[in-house]
Amino acid sequence: MGSTIFEERDRQIHRKGDEPFSMDCDMPSLAGAVSQRACVFCGSRVVLYPIADALHLVHGPIGCAAYTWDIRGALSSGPELHRLSFSTDLQEKDVIFGGEKKLYQALIELINRHSPKGAFVYSTCIVGIIGDDLGAVCRRVSEETGIPVIPVQSEGFKGNKRAGYNAACKALFELVGTGVIDDISPVSINILGDFNLAGEIWIIREYFERMGVQVVANITGDGRIDDIKRSHGASLNVVQCSGSTIDLAIMMERQYGIPFMRVSYFGVEDMAESLYRVANFFSDGDTDIMDRTRELVRNELAQLYPLLEKYRKDLMGKKAAIYVGGAFKAFSLVKAFRLIGMDVALVGSQTGTEEDYRELYDITDPGTIIVDDSNPLELSSFLQEKDVDIFVGGVKERPIAYKLGVGFCDHNHERKEALEGFVGMLNFAREVHSTVMSPVWRFSPRRISQHSSYELSLKAV
Amino acid sequence: MLDMTPKEVSERSALRINPAKTCQPIGAMYASLGIHRCLPHSHGSQGCCSYHRSHLTRHYKEPVVASTSSFTEGAAVFGGGPNLRQSLNNIFQVYNPDVVAVHTTCLSETIGDDIPSVVRKAREDGIIPDGKFVIHANTPSYVGSNVTGFSNMVKAMIDYLSSREFGSSKDVNVIPGYVDPADMREIKRMLGELNVSGIVFPDTSDVLDLPMTGSYEMFPKGGTTIEQIMKTGSSGLTISLGAFASEAGGASLESKCGVPFKVLDLPVGVHATDMFVKSILEITGEIRPPASMIDDRGRVMDLMTDMQGYLYGKKVALYGDPDQVIAMTDFLVSMGMRPVYVITGTPGKRFEDRVNRILGNDSSNCLVKASADLFYLHQLIKNGPVDLIIGNTYGKYIARAEDIPFVRYGFPILDRVGHGFFPTFGYRGAMRILTSIINTLLDRVDRDAPEERFELVM
């Protein structure tokens, strides 16, 4: 496989072919690897950050707050307190003598000034080492101010991003069950695992409302503390995204008996299926819901398909590579590319489980490379080997694609277009089309041989 | 509403809001990228490395590689030595860099990992191949800022690599400061124009401003080579550009190898560039710079004089990393502009002293503050408006809330392009800064002009 791959990583890469599927994953990155992964704090911050009327205070040195200051386009329809960067900015003397007093003062000052509905206090690596009692400070401030002040046990070294999701879910669970649920309809859900990037949760909420389903709480895109407090009044948890909020759904099922289902809003098939499954769940009590849902899907598809067709014609047979954070998103992307006529040559994730990769194996074509916890060298060698037309990834993947002369679509938190829902499929097709069909690649060395006039002009120089 | 800043300023002791700095390790990582075939290594949790790489990538729009010790709970309890050892083993086997530049994090600092002894043992056990180097800098995130981290890594380069055995006293060392590759490239160009043999280190040009070639190189062609860094110990002089980022390196080289050093402001604007050029002329013995450079200077002067009417008396709020802010203050004052708020997030009374000295008699009309943040700056602006804001991308919230023209300058710039290609240093850099300031002010004049005063010629 070439020198760009660690021997130890061999088992985290699978090429779909004659060999039966077998892959290692869900393990810590090799020390010394240039991994694309992040930490526990990052996972927690990602999940909780979109709660817009909460105070988010990072207890640690300045970096953790600086690097997570308003970098994700998790839109809010109202308050925007989440977009400010609050940090205790721990200094050497705090590391020696402890930062509890500073934390207390910071919380009191911020709560007095901004009157948030609740507060999350994020623990960082250093706090885990110096042993500040976050819980005690939060309890005290909560008693004094009357708002929930919740510690998030997100010390960076305590695992990977997944552990951070879990810590965030535990924090959220402290809110659940503390609100009034009198006026909640029996046909009601919570939307879990959608962060309202580029306004996506608004699209999804509107679908559910058209179906006659009440959405109690957005967890967490465009989220509100009061909604989450009464989210135990919903009849069903609808969970998107690989694992980020699944732990909360499990906790709510255990404690409040609320069932959950995993869904995806990316791509036409998964979007429609998600709506049907929710409709089906409520169809005993609401006999018309399935009809309303069918009509919704029919209307949306009738609008969408003719518009997709022109993109599909251009994109037919082009090749795509996918490297995303969670594998669940990768499933939908594989199907979405198929819908617009493209082949997936590489698919991978930072945090997939064996079950996830087995599913990827099942839905991809022979020859597809499946990879876990990859790095820039590996990724670039795969992209070149497969000669793809587009790479779908996040901020660290983008410049790799561009250096190779490959189109790129940000399907991570820096995306600017809503990619969920039926309209999201259209946006996705448009975005893929605009990068794959852009004439700029003709000037890239990789493509020059296919445009002989350029080659000649280059040689003439 | 994004503007949640109250006008009334109250004393804050425990809280940082909207910082004007970030932590040490990112500066160390950036400096390391300026060594040829160097892999920066973050000794800590995976998140630090990931955040720094993402942040640098957003600013430079380039792939940024660095490895990490990938701390786990076990490492945090029992020490990260074994992780570093395994890292070095993996790095040299697979990525094969010439140098690994290790920087610590708040985590590894606090648990007290002894990097030199891990490295020494790894060397003895053959994990570090002959002819390869591992250097390290201590960069606790709870001390100083990103600039401190840069400075510490530069010092580490000298402490580990500089020697009196090679090199020539005819060479001049230039530590360019925590600046963009375009500025490092401009320094090299100016040294060439002045006909002096120089060693610029670190040097991220051709590392973080790469042309598109159709292939991905983990170790691009740029960066100061090990041999060049070794030679710095014999050079005749070190010019440290920017006291905060580069003085420690110069001082260290003087005490280790006896190379005298001189600290200059970053060559931003005419006066600071004059000082830099003058320092080089003192070495070469030439009386004046070549005609091409005098012409460049003349063109800046031409622009300044042509447009001075739009600049005089304009009130400016300026923030960012200390060296950049100090140099820009001087440039603004030289054009008759009036810096009224000058802040940095980096701690250091030196910053305040230096800026106040530049302001001279005007310093009583200006609020200068280190260890400040953008929330505070916003409050100041609410209490006394300005005509222009100059600083990194994070100022856009203030600029929007207060509807004030905004020029992006410094690190990071996450929402515009240009800083990757065009220098701020030297006479040519001055022209770029000036163009940007003037055009931004003129855009505002146009926008605000009533129809009868909307003019074609300005």
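Criteria and cut-off values
Residues numbered from 1 in each chain as written. Chains lettered and ligands numbered in written order. Predicted model: local features only at pLDDT ≥ 70, side-chain atom pairs only at ≥ 80, totals over all residues. Heavy atoms only, no water. Phe/Tyr/Trp six-rings, centres within 6.5 Å; stacked < 30°, edge-to-face > 60°. Helix = DSSP H or I, 4+ residues; strand = E, 2+ residues; numbered from the N terminus. Buried < 20%, exposed > 50% of the residue type's maximum accessible area, 1.4 Å probe, protein only. Lys NZ or Arg CZ within 6 Å of the ring centre and 35° of its normal. Pairing = 2+ DSSP bridges. Axes fitted to C-alpha atoms, helices over the stretch in contact; angles between N-to-C directions. Parallel < 35°, antiparallel > 145°, perpendicular 65-115°, else oblique. Contact = heavy atoms within 4.5 Å. Nonpolar A, V, L, I, M, F, W, Y, C, P; charged D, E, K, R; others polar. Expected span 1.5 Å × (residues − 1). Domains from an automatic or database assignment. Buried area = accessible area lost by both parts, 1.4 Å probe. Core = buried A, V, L, I, M, F, W, Y, C linked by side-chain atoms within 4.5 Å. Salt bridge = Lys/Arg side-chain N within 4 Å of Asp/Glu carboxyl O. Polar contact = N/O pair within 3.5 Å; in protein donor to acceptor, adjacent residues only side chain to side chain.

With respect to the packing of aromatic side chains
Taken as a whole and judged by the stated rule, the model has 21 aromatic pairs over all chains. Their ring planes at 80 degrees and their centres at 6.0 Å tell us that Phe-41 of chain A and Tyr-122 of chain A sit as a pair that is edge-to-face. Here Tyr-122 of chain A lies in strand S4 (residues 118–123) and Phe-41 of chain A lies in helix H1 (residues 40–48), a separation of 81 residues in the sequence. Of the two residues, Phe-41 of chain A and Tyr-122 of chain A, both sit in the buried class. Among the aromatic residues, those joined into a cluster by ring pairs are Tyr-30, Tyr-60, Phe-150, Tyr-178 and Phe-411 of chain B. Its guanidinium or amino end placed over the ring of Tyr-122 of chain A, Arg-45 of chain A lies 5.2 Å from that ring's centre, counting from NZ or CZ.

Brief notes about the pairing of strand S8 (residues 236–239) of chain A
Looking along a regular strand, one sees side chains alternate from face to face of the sheet. Residues and elements named next belong to chain A. Judged by which residues are buried, S8 turns out to be covered on both faces: Leu-236 and Val-238 on one side and Asn-237 and Val-239 on the other are all buried. Relative to S8, strand S6 (residues 188–194) runs parallel, the two being bridged by four bridges. Paired with Ile-191 across the bridge in S8 is Val-238. Here three bridges tie S8 to strand S9 (residues 260–262), and the two strands are oriented parallel to one another. Looking across to S9, one finds that Val-239 is bridged to Arg-262.

Side note on the packing of helix H13 (residues 322–334) of chain B against helix H14 (residues 349–359) of chain B
All names here are of chain B. The geometry of H13 relative to H14 is characterised by a closest axis approach of 9 Å and an angle of 10 degrees between their N-to-C directions. Taken together, the axes of H13 and H14 are roughly parallel relative to one another. Of H14, the residues touching H13 (which contributes Pro-322, Val-325, Ile-326, Thr-329, Asp-330 and Val-333) are Phe-351, Arg-354, Val-355, Ile-358 and Leu-359. For the contact of H13 with H14, the per-class residue count stands at eight nonpolar, one polar and two charged.

A word on helix H13 (residues 327–339) of chain A
Look at H13 of chain A: 19 Å from first C-alpha to last across 13 residues, which is about the 18 Å you get at 1.5 Å a residue. Just downstream of H13 of chain A, Gly-341 of chain A is the residue with a positive phi angle, here 85 degrees.

Brief notes about the sheet that holds strand S1 (residues 13–15) of chain A
All names here are of chain A. Across the sheet, six strands lie side by side as S1-S12-S11-S10-S13-S14; this open sheet has mixed pairing. Both edges of this open sheet fall to S1 and strand S14 (407–410), since each of them pairs with a single strand only. Strand-to-strand twist of the sheet, defined as the mean angle between neighbouring strand axes without regard to direction, takes the value 15 degrees. For strand S11 (residues 343–349) and strand S12 (residues 369–372), the ladder comprises four bridges, and the chain directions are parallel. Its bridge partner being in S12, Gly-348 is matched across the sheet by Val-371.

Let's talk about the domain arrangement of chain B
One widely used convention gives an interface's size as the accessible area the parts lose upon coming together. All names here are of chain B. Considered domain by domain, chain B is made up of domain 1 (24–161), domain 2 (172–284) and domain 3 (291–453). Contacts between domain 1 and domain 3 engage 11 residues on the former and 12 residues on the latter. Roughly 920 Å² is buried in total at the junction of domain 1 and domain 3, and carbon and sulfur atoms are behind 64% of that figure. In terms of surface lost to domain 3, no three residues of domain 1 exceed His-55, His-59 and Val-147, which account for 53% of the buried area on that side. Listed by contribution, the elements that provide at least two residues to the side of domain 1 that touches domain 3 are helix H2 (46–60) and helix H7 (146–161).

Let's talk about the nonpolar core
Counting residues in hydrophobic clusters, the biggest one holds 142 residues, and the most contacted among them are Leu-48 and Phe-120 of chain A together with Phe-276, Ile-390 and Ile-437 of chain B. Leaving out residues up to four positions away in the same chain, Ile-437 of chain B has contacts with Leu-311, Leu-332, Met-337, Leu-388, Ile-390 and Val-407 of chain B. Judged by nonpolar contacts, the second largest core, of 67 residues, contains Ile-289, Ile-322, Ala-330 and Ala-336 of chain A.

What to know about the domain arrangement of chain A
Residues and elements named next belong to chain A. In terms of domain boundaries, chain A breaks down into domain 1 (40–175), domain 2 (188–299) and domain 3 (304–448). Centre-to-centre, using C-alpha coordinates, domain 1 lies 34 Å away from domain 3. Each partner contributes residues to the interface: domain 1 has five residues there, and domain 3 has seven residues. Both faces combined, the contact of domain 1 with domain 3 buries some 480 Å², and carbon together with sulfur accounts for 44% of it. Here domain 1 and domain 3 share zero salt bridges between them. At the boundary of domain 1 and domain 3, one finds one residue pair in polar contact (both at pLDDT 80 or more). Counted by class, the side of domain 1 that touches domain 3 contains one nonpolar, one polar and three charged residues.

Topic: the side chain of Thr-364 of chain A
All names here are of chain A. Note on placement: Thr-364 falls in the loop between helix H14 (354–363) and S12. In terms of polar contacts, Thr-364 uses its side chain to reach the backbone carbonyl oxygen of Tyr-361, at 3.4 Å. Apart from the residues lying within four places of it in its own chain, the contact partners of Thr-364 are Lys-16, Val-334, Arg-338, Val-347 and Ile-370.

A look at the interface of chain B and chain A
Between chain B and chain A, the residue contacts involve 70 residues of the former and 73 residues of the latter. Buried area between chain B and chain A, both sides added, is near 6,100 Å², and the carbon and sulfur share of it is 64%. At the surface where chain B touches chain A, the tally comes to three salt bridges. Here Lys-21 of chain B ties to Asp-89 of chain A by a salt bridge, and the two come within 3.0 Å at their closest N and O atoms. On inspection of chain B and its partner chain A, the count reaches 17 residue pairs in polar contact (both at pLDDT 80 or more). When residues of the side of chain B that touches chain A are traced back to their parent elements, those giving at least two are strand S1 (16–17), strand S2 (38–43), H2, strand S3 (67–68), helix H3 (73–78), helix H4 (81–95), helix H5 (106–111) and helix H15 (374–383) of chain B. A per-element tally of the side of chain B that touches chain A places H2 of chain B first, with 10 residues. Counted by class, the side of chain B that touches chain A contains 34 nonpolar, 27 polar and nine charged residues. Sheet topology note: the strand S3 (residues 86–87) of chain A/S1 of chain B ladder contains two bridges and is antiparallel. Looking across to S1 of chain B, one finds that Phe-86 of chain A is bridged to Ile-17 of chain B.

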